[in-house]
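# Residue-level structure breakdown
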Amino acid sequence: MDLPSRARLVLLCVSIFIFLDGVSSIDIFLDWNVSSDLTIAPVGQKQLVITINGMFPGPLINCTTNDFIHVNIFNNLDEPFLMTWNGIQQRLNSWQDGVSGTNCPIQPGTNWTYAFQTKDQIGSFFYFPSTLFQKAAGGFGPIRVNNRIVINVPFDKPAEEFDVLIGDWYFYEYKNAREILSTGKYDMGLPQAILINGKAPYNNPWSKEHEIFTVTQGQTYRFRISNVGLNMTLNFRIQNHKMKLVETEGSYTSQIMLDSLDVHVGQSYSVLVTADQNAGNYFMVASPRLVTTADNPNLMGIAVLHYDSSTTAPIGSLPVGPDQLDQEFSVNQARSIRWNMTTGAARPNPQGTFNVTNVTINQTFILHSFPVEIEGNTRFTVNNISYLTPTTPLKLADHALNGSGVYILDAFPTNAVSPVAAINTSVVTGIHKGWIEIVFANNAPLVDTWHLDGFGFYVVGFGEGVWSKESRATYNLFDPVVRSTVQVYPAGWTVIYAFLDNPGMWNLRSQRLQNWFLGQELYIRVHNDDPNPAKERPPPDNLLTCGILEGVV
């Protein structure tokens, strides 16, 4: 065989392999200008809104499993900026996580490129600013990670997909809010609005513009819903339309029909909606849950589901959700959300291949969260320790100094409440390739949510009162859903299992922004001594330095 023929055969074989295995990926390059804007005014008054390329919310990142994403961010704000990718696991690469423990911020007037891979992931996620309370001004946007073409999706392809970003919104500017919080007042109170895709509610006095989703009668659509707000659980529902739950944060769920869905802060879901009603316009509502809004009964986000053949305005009453304070409804719904054990996701093997019925737990963390007064200011704590953000990112210090001078490893109490409330930089060891059980206990009167960067975890249990070892008998170990953000109900507990196979420095935090800002977080250091870059990627070539290592590494 001559050389050209042999080369063509090799190329054909490689092409067939890529086609059959479906592991091919592409590089996606994005240039983002992050700026502040006084003209958007989602609630009809001037306040700083953070935009990306002039957009609020920011642009969609639409990618596929294993793609490489390069986001070059130009910081046009007057202060440092960090972006985090909520739920993207950053396999072997916490250098790109975009939180204060892993990255130096992008300084005003400069740019920096994040480069990460959506390795072995599918699903619905979002991004947002991670420091300086900037999320309260916007800067967030949706992420879709689509299946590779060789992996079957467990439902028919929808006619179209819609991103639905819901969240609470406050009239006062984020810089004022963080100043108030920094001086000891932690309770922001009720928001003034609920936005849907950055737009004010239908038929309100602030703005004539509301969100509209256009559908064709008889077609089925996928709605990817994310709660990008600051503090409030929201119930989502559509007038006269059922929703079929199919996915949450990268996991396909057992498909259940819902009239409404509680979406807690930081969570994402996918539902299928069939336009099976008479042609018309129908209300879509996101309203507060598990808190009373009696003094503001109109506090809700309202959008419109528009049938393309309709010329009439919406009619009838707004769809009614569960009783606002009915926690039992929310808990029962949470327990009904189960993993679809028989379908594949990022890989062809069924999700149920990875079960937790017989795992050996190597570590148990019991984490109590509540506000306390420290040095005259209200702080949020985990086990009575409020997190102190060092000027040098933990990951950078770990790489260059073995943490010396920046943090003390395992000084944080993971199974007991410290007798004295204090402010410290909390970093704990997570055993590499070990199973960890984390018990979240909520001692505050409002629902909380916790997020773990770097991992999808198994939600094995919810309960009331005080967790004990006997509570393990109530766990669902057969088909617990896998996700990255989970709610913890007032005076209750939630338990997750996580397999710590992803080396790095990983943020474990409250997704309620005021709690996070006031110290409700810690970092889990999952370390592998093997310097092989296949075990954990080295620092990027464009590494930023700051703090005690500025200009050194």
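Report on the accompanying structure. (Residues numbered from 1 in each chain as written. Predicted model: local features only at pLDDT ≥ 70, side-chain atom pairs only at ≥ 80, totals over all residues. Heavy atoms only, no water.)

### Things to note about the overall build of the protein
In terms of regular secondary structure, the protein is built from five helices and 32 strands. Computed over C-alpha atoms, the radius of gyration of the protein comes to 23 Å, within 12% of the 24 Å expected from 2.2 N^0.38 for 553 residues, which places it in the range of a compact globule. Each principal axis of the C-alpha distribution contributes one length, and for the protein these read about 80 × 65 × 55 Å. Burial statistics for the protein: of 553 residues in total, 58% are counted as buried. For the protein, the proportion of contacts with a sequence separation of at least 24, taken over those separated by at least 6, is 78%. Taking the 34 positively charged and 47 negatively charged side chains of the protein as two groups, their mean positions are separated by 4 Å. (Helix = DSSP H or I, 4+ residues; strand = E, 2+ residues; numbered from the N terminus. Rg over C-alpha atoms; globule rule 2.2 N^0.38 Å. Buried < 20%, exposed > 50% of the residue type's maximum accessible area, 1.4 Å probe, protein only. Contact = heavy atoms within 4.5 Å. Lys, Arg positive; Asp, Glu negative; His and termini not counted. Charge placed at Lys NZ, Arg CZ, Asp CG, Glu CD.)

### A word on helix α4 (residues 394-401)
One full turn of an α-helix is made of 3.6 residues, so residues set three or four places apart face in the same direction. Listed as buried for α4 are Leu394, Lys395, Leu396, Ala397 and Asp398. Against β22 (385-387), β24 (427-430), β31 (504-510) and β32 (521-526) lie the buried residues of α4. In the stretch just after α4, Asn402 is the one whose phi turns positive, near 55°.

### Quick word on the state of the cysteines
Here a disulfide denotes one covalent bond, and it connects the sulfur atoms of two cysteines. For the structure shown, the criterion picks out one disulfide. Between Cys104 and Cys546 runs a disulfide, and the two sulfur atoms are separated by 2.2 Å. Given an S-S torsion of about -85°, the disulfide between Cys104 and Cys546 has left-handed geometry. Separated by 442 residues along the polypeptide, Cys104 in the loop between β5 (83-86) and β6 (111-117) and Cys546 in the segment after β32 bring together distant segments of the chain. For the pair Cys104 and Cys546, a shared accessibility class is recorded, and that class is buried. (Disulfide = S-S within 2.5 Å.)

### Things to note about the environment of Trp85
You can see Trp85 is positioned in strand β5. Linking Trp85 and Val34, residues 51 residues apart in sequence, is a C-alpha distance of 15 Å. In contact with Trp85, other than residues within four places in its own chain, are Trp32, Ile61, Val71, Gln90, Gln96, Asp97, Tyr114, Phe116, Phe126, Tyr127 and Ile143. In terms of polar contacts, Trp85 uses its side chain to reach the backbone carbonyl oxygen of Gln96, at 3.5 Å. (Polar contact = N/O pair within 3.5 Å; in protein donor to acceptor, adjacent residues only side chain to side chain.)

### Considerations on the pattern of salt bridges
In the structure shown here, the tally under the stated rule is 19 salt bridges. In this structure, Asp78 and Lys175 form a salt bridge, with 2.9 Å as the shortest nitrogen-oxygen distance. Residue Asp78 is found in the loop between β4 (68-75) and β5, and its partner Lys175 is found in helix α2 (residues 174-182); the two are separated by 97 residues along the sequence. The partly exposed category is assigned to Lys175, whose relative accessible area is 24%. (Salt bridge = Lys/Arg side-chain N within 4 Å of Asp/Glu carboxyl O.)

### Let's talk about α2
By the burial criterion, the buried members of α2 are Tyr174, Ala177, Arg178 and Leu181. One side of α2 carries all its buried residues, which in axial view fall inside an arc of 95°. Of the surrounding elements, those touching the buried residues of α2 are β2 (49-52) and α5 (513-517). One or two steps after α2, the chain reaches Gly184, where phi turns positive at roughly 115°. (Arc of directions from axis to C-beta.)

### A closer look at the packing of aromatic side chains
Throughout the structure, instances matching the rule amount to 28 aromatic pairs. With 5.3 Å between their ring centres and 80° between their planes, Trp85 and Tyr114 make a pair best called edge-to-face. Of this pair, Trp85 sits in strand β5 while Tyr114 is found in strand β6, placing the two residues 29 residues apart along the sequence. Positioned above the aromatic ring of Phe128, the side-chain terminus of Lys135 is 4.6 Å from the ring centre. Positioned above the aromatic ring of Trp516 is the side chain of Arg509, whose terminal nitrogen or guanidinium carbon lies 4.5 Å from the ring centre. (Phe/Tyr/Trp six-rings, centres within 6.5 Å; stacked < 30°, edge-to-face > 60°. Lys NZ or Arg CZ within 6 Å of the ring centre and 35° of its normal.)

### So, the pairing of β2
Side-chain alternation along β2 places Val49 and Thr51 on one buried face and Ile50 and Ile52 on a second face that is also buried. The sheet contact formed by strand β1 (residues 27-37) and β2 spans four bridges and is antiparallel. Its bridge partner being in β2, Ser35 is matched across the sheet by Thr51. (Pairing = 2+ DSSP bridges.)

### Some words on unusual backbone geometry
Cis geometry is found at the peptide bond from Phe56 to Pro57, where omega equals -10°. Topologically, Pro57 is positioned in the loop between β2 and β3 (61-64). Even without being a glycine, Asn66 presents a positive backbone phi close to 80°. Residue position: Asn66 is located in the loop between β3 and β4. Positive phi, close to 60°, is recorded for Lys433, a residue that is not glycine.

### A look at the environment of Val273
Tracing the chain through its elements places Val273 in strand β17 (residues 268-274). C-alpha of Val273 to C-alpha of Leu38: the two residues are 235 residues apart in sequence and 36 Å apart in space. Setting aside chain neighbours within four positions, we find Val273 in contact with Gln219, Thr220, Tyr221, Phe223, Ile238, His241, Lys242 and Met243.

### Details of the pairing of β3
Across the two faces of β3 the burial differs, with Ile61 and Cys63 buried and Asn62 and Thr64 not buried at all. Sheet topology places β3 next to strand β8 (residues 141-146); four bridges connect them, and they run parallel. Its bridge partner lying in β8, Ile61 is registered against Ile143.

### Examining the side chain of Gln239
On the secondary structure map, Gln239 appears in the loop between β13 (234-238) and β14 (243-248). The exposure class assigned to Gln239 is buried, which follows from its relative accessible area of 6%. With sequence-adjacent residues up to four places away left out, Gln239 is seen in contact with Asn281, Tyr282, Phe283, Ile315, Gly316, Ser317 and Pro319.

### Quick notes on the sheet that holds strand β10 (residues 193-196)
Either a parallel or an antiparallel arrangement is found when strands of a sheet pair, and the pairing is made through backbone hydrogen bonds. On the basis of which strands lie adjacent, the open sheet formed by six strands has the order β10-β9-β12-β17-β14-β15 and mixed pairing. Each edge of the sheet is formed by a strand with only one pairing partner; in this case those strands are β10 and β15 (251-258). The mean inter-strand angle of the sheet, taken between neighbouring strand axes irrespective of direction, is 25°. (Axes fitted to C-alpha atoms, helices over the stretch in contact; angles between N-to-C directions.)

### As for the sheet that holds strand β26 (residues 448-452)
The mixed open sheet is built from five strands, whose spatial order is β24-β32-β31-β26-β29. Edge strands, defined here as strands with exactly one partner in the open sheet, are β24 and β29 (485-488). In this sheet, adjacent strand axes meet at a mean angle of 25° when their direction is disregarded. Summarising the sheet, β26 and β29 pair through four bridges and their orientation is antiparallel. Of the residues in β29, the one forming a bridge with His451 is Thr485. Across the face of the sheet, α4 comes into contact with β24, β31 and β32 while running at roughly 155° to β31.

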